[in-house]
Amino acid sequence: MAIEIVSPSNPENDWTGKVRDYPRMGFPLYLIVDPRQKTVTLFSEPNRDRYHARTEREFGESTRIPAPFGFELDLSRLVPHRD
């Protein structure tokens, strides 16, 4: 599983490059925390060169992290970027 916090200076790297590269590298899950958007996005179900499933939640909610980990991730303590 790869987890990234989106860089304010280079968000395209996390949202484009890594979404493309991580399934090719065999990561079953890719979790992106975006403090600017106040969202957490989980990409899953990789098949060769892309993820086939995407789940998005807002800060304050929770999201299910599927197998092989299998737990509920509480997002209530995440803090957005301040401008």
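Our subject in this report is the structure included herewith.

Rules used throughout
- Residues numbered from 1 in each chain as written.
- Predicted model: local features only at pLDDT ≥ 70, side-chain atom pairs only at ≥ 80, totals over all residues.
- Heavy atoms only, no water.
- Phe/Tyr/Trp six-rings, centres within 6.5 Å; stacked < 30°, edge-to-face > 60°.
- Salt bridge = Lys/Arg side-chain N within 4 Å of Asp/Glu carboxyl O.
- Helix = DSSP H or I, 4+ residues; strand = E, 2+ residues; numbered from the N terminus.
- Buried < 20%, exposed > 50% of the residue type's maximum accessible area, 1.4 Å probe, protein only.

The next point concerns the packing of aromatic side chains. Scanning the entire structure with this criterion turns up 5 aromatic pairs. Taking 4.8 Å as the distance between ring centres and 50 degrees as the angle between the ring planes, the aromatic pair formed by Tyr22 and Phe27 counts as tilted. Ring centres 6.0 Å apart and planes at 40 degrees place the aromatic pair Phe43 and Tyr51 in the tilted group. Pairwise contacts between aromatic rings join Trp15, Tyr22, Phe27, Tyr30, Phe43 and Tyr51 into one cluster.

Moving on, we come to the pattern of salt bridges. If you walk through the whole model with that rule in mind, you get 5 salt bridges. Residue Glu4 pairs with Lys18 through a salt bridge whose shortest N-O separation is 3.1 Å. Residue Glu4 is located in strand 1 (residues 2-5), and its partner Lys18 is located in helix 1 (residues 11-24); the two are separated by 14 residues in the primary sequence. By relative accessible area, which is 15% here, Glu4 ends up buried. Classification of Lys18 as buried rests on a relative accessible area of 17%. Between Asp14 and Lys18 there is a salt bridge whose closest N-O contact spans 3.2 Å. Here Asp14 and its partner Lys18 are both found in helix 1, 4 residues apart, which amounts to about one turn of the helix. Per residue, the accessibility class of Asp14 equals that of Lys18, and both read buried. One salt-bridge network, in which partners are shared between bridges, spans Glu4, Asp14 and Lys18.

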